[in-house]
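Observations on the model geometry
The primary structure of each chain is shown beneath.
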Amino acid sequence: SFAFSDWKPAKSVLHFKACLSFLFPFDSSSPISPNPYMHSKSLWDCCTCSEDFMQAIRLAPLPCLCGPQGSVLLSSLSLRCPISLDLFTDPVTLSTGQTYDRPSIEKWLADGNLTCPVTMQRLTDTTLIPNHTLRHLIHRWLLADPGVNCRHTPVQSAGDSDAGFSLLALKQKLQSSNTSRADKLDCLEKLLFRSSVVVDSALAEAMLDCVLSLLASAQLDSLDMLKEHARLTSLELLLDQGNTKTKMSLCHLLEVIAASSATRELCLVVGESRRVLQALVSLLHDQSRIRASEAAVRAISGMCSLEPNRSHAIRGGVVDGLVSHLSSPTPRTAAPALATLELLLTLEVGKKVVVEHSDAIKVLVKMVFRMSTVDHEGSEHALGSLLAVCGESEKARSEAMDAGVMTQLLLLLQSQCSSMAKAKARGLLKLMRPLWTEETRRL
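Note that residues are indexed from 1 along each chain, following the sequence as it is written. This being a predicted model, a pLDDT of at least 70 is required before a residue's local features are given, and a value of 80 or more before pairs of side-chain atoms are given or counted; all residues contribute to the totals for chains, interfaces and linings. Note that water and hydrogens are dropped before the side-chain values are worked out from all heavy atoms of the structure.

Digging into the overall build of the chain
Counting from the N terminus, the helices are the DSSP runs of H or I reaching at least four residues and the strands are the DSSP runs of E reaching at least two. Along its length, the chain carries 24 helices and 3 strands. Relative to its full complement of 443 residues, the chain shows a buried share of 51%. A fraction of 73% describes how many contacts in the chain between residues 6 or more apart in sequence connect residues 24 or more apart. Surface exposure here means Shrake-Rupley accessible area, sampled with a 1.4 Å probe, where a residue is shielded only by the protein chains that are shown. When the accessible area of the chain is evaluated, it comes to approximately 20,400 Å², of which 53% is carbon and sulfur surface. Accessible area is worked out with a 1.4 Å probe on protein chains only. A residue is then buried under 20% of its type maximum, exposed over 50%, and partly exposed in between. Working rule for contacts: check all heavy atoms of both residues, and any pair within 4.5 Å makes them a contact.

A short note on the sheet that holds strand β1 (residues 91-93)
For two strands to pair, DSSP has to find at least two bridges joining them. Spatially, 3 strands are ordered β2-β1-β3 in an open sheet, and the strand pairing comes out antiparallel. With partners counted over all chains shown, the strands left at the sheet margins are β2 (99-101) and β3 (129-130), one partner each. Both β1 and β2 contribute to a ladder of 3 bridges, which runs antiparallel. In the strand pairing of β2, Pro91 is matched with Asp101. The axes used here are C-alpha line fits, helices contributing only the stretch in contact, and every angle between their N-to-C directions lies in the interval 0 to 180 degrees. Across the sheet, helix α5 (residues 102-110) lies against β1, β2 and β3, angled at about 95° from β2, the strand it touches most.

Here's the deal with the side chain of Glu380
Mapped onto the fold, Glu380 is located in helix α20 (residues 376-390). Lys424 provides the closest opposite charge to the buried, salt-bridge-free Glu380, at an N-O distance of 5.3 Å. Apart from the residues lying within four places of it in its own chain, the contact partners of Glu380 are Glu342, Ser418, Met420, Ala421 and Lys424. His residues and chain termini do not enter the charge count, which takes Lys and Arg as positive and Asp and Glu as negative. The salt bridge criterion pairs a side-chain nitrogen of Lys or Arg with a carboxyl oxygen of Asp or Glu, the two atoms within 4 Å.

Some remarks on the pattern of salt bridges
In total, this model carries 12 salt bridges according to the counting rule given. A salt bridge links Glu228 to Arg231, with the shortest nitrogen-to-oxygen separation between them at 3.0 Å. By relative accessible area, Glu228 is classed as partly exposed at 32%. The exposure class of Arg231 is buried, given its relative accessible area of 12%. Salt bridges sharing partners connect three or more residues here, namely Asp90, Arg102, Glu106 and Arg135.

So, the state of the cysteines
The criterion for a disulfide is a pair of cysteine sulfur atoms lying within 2.5 Å. Going through the model one piece at a time under the given rule, you end up with 0 disulfides. Residue Cys267 stays outside any disulfide, its sulfur separated by 8.8 Å from that of Cys304, the closest cysteine. Overall, the relative accessible area of 1% leaves Cys267 in the buried class.

Concerning helix α18 (residues 348-356)
For an α-helix the count is 3.6 residues per turn, leaving residues at separations of three or four pointing the same way. For α18, the full list of buried residues reads Gly350, Lys351, Val354 and Val355. Projection of α18 onto a plane perpendicular to its axis shows the buried side chains occupying an angular sector of 130°, all on one side. Along α18, exposed side chains directed more than 90 degrees from the buried face belong to Glu348, Lys352 and Glu356. Against the buried residues of α18 lie α15 (307-315), α16 (318-326), α17 (334-344), α19 (360-370), α20 and α21 (394-402). Our arc is simply the arc of the directions from the helix axis toward the C-beta atoms.

A word on the confidence of the model for the chain
Overall, the predicted model of the chain reaches an average pLDDT of 75, with 63% of residues at or above 70. Along the chain, pLDDT gives the predictor's confidence residue by residue, from 0 to 100. The least confident element of the chain is helix α2 (residues 38-49), whose mean pLDDT is 38; the most confident is α15, at 97. Every residue in residues 1-9 is under pLDDT 50, and counting partners more than four places away or in other chains gives 17 contacts. Every residue in residues 28-77 is under pLDDT 50, and counting partners more than four places away or in other chains gives 78 contacts.

Right, here's the structure in full:
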């Protein structure tokens, strides 16, 4: 990522919107990672490394190369130049083994670039070797489907005619430490007019890094574009199908949206999305990706700061997800998780879910003294949650006693906890008094 603090706000907002427009395209039919062209990419890998496979394709009957499946397969990335995204007209191969259309790679080299656009390897030999096999394959496919226009294909929009610009080149420029800030901004500006593109995970990561770096200087109301159904759908897909880093970045984005009054309405819209909540709850349950789980806690905590979002969160399974997160060995975000749980218990439906949950009371009891050694606020929230459910449910009080709440409370009162925590502990002790046994009274 890179800083934008010294750029004029108007320009920052422009590029900020460009990043968002790219990440969350208006066309909801746009494929989102995992890349649906994966099979085509596999074909491309085989075509460049296996002459036997190429021979099989070359000898295939023409009907196999046309029709719905063959057309989609061969018209996608396998027969396109990585730079221009057009079908190859004169494919040539570099010393790195990567193939490009001659006009595109010649322009790349003429601009002073001495690296392979795909691998970013430094080129010691810029010789261009014609790829006759691939050219023959394209020729056979065009014979099978003469209606194809090799220079203007469905993947590209009208604004993408510049052969020197491509999604691949953009990704490399955004990720390269050698690319100047101005060049990165120029790349982002070109994205402003893109509405339907295939987003792979690495490019989504690069774009999200740019979006997050722009948050400090951009006007947050630019995020309101996510209110549009199609763009929100794109966000949902990225959050559901993206890799771990992409999901963490989106959680951070949701946290920022929830924290600003300028995006309150957007936060309410996102809070109603069942798919967003499902994706976040899934992260809460994932013990193998603890950092992503912690990012989800912060995102949910922010969203639940708005009262209308709390009922949606409860129905979306957030209570179960938070309990699962708190059950992990060392949850660093236990305090915000407990604070969110206490907020959800201000609603009757939240109390009902906790009382009926098999582990919720046990987890809350465990957090009473455990959190006092780490975070006094964590203990306060755990006690507040127990007071909320035990005050109205005999079943909850009984479960708390069985879970050892008396020992936890007495240990807490002897510790250096906050005055608020001690006041809540005394209140809970009083509430439990009718259930004291002789052994408990001796304690």
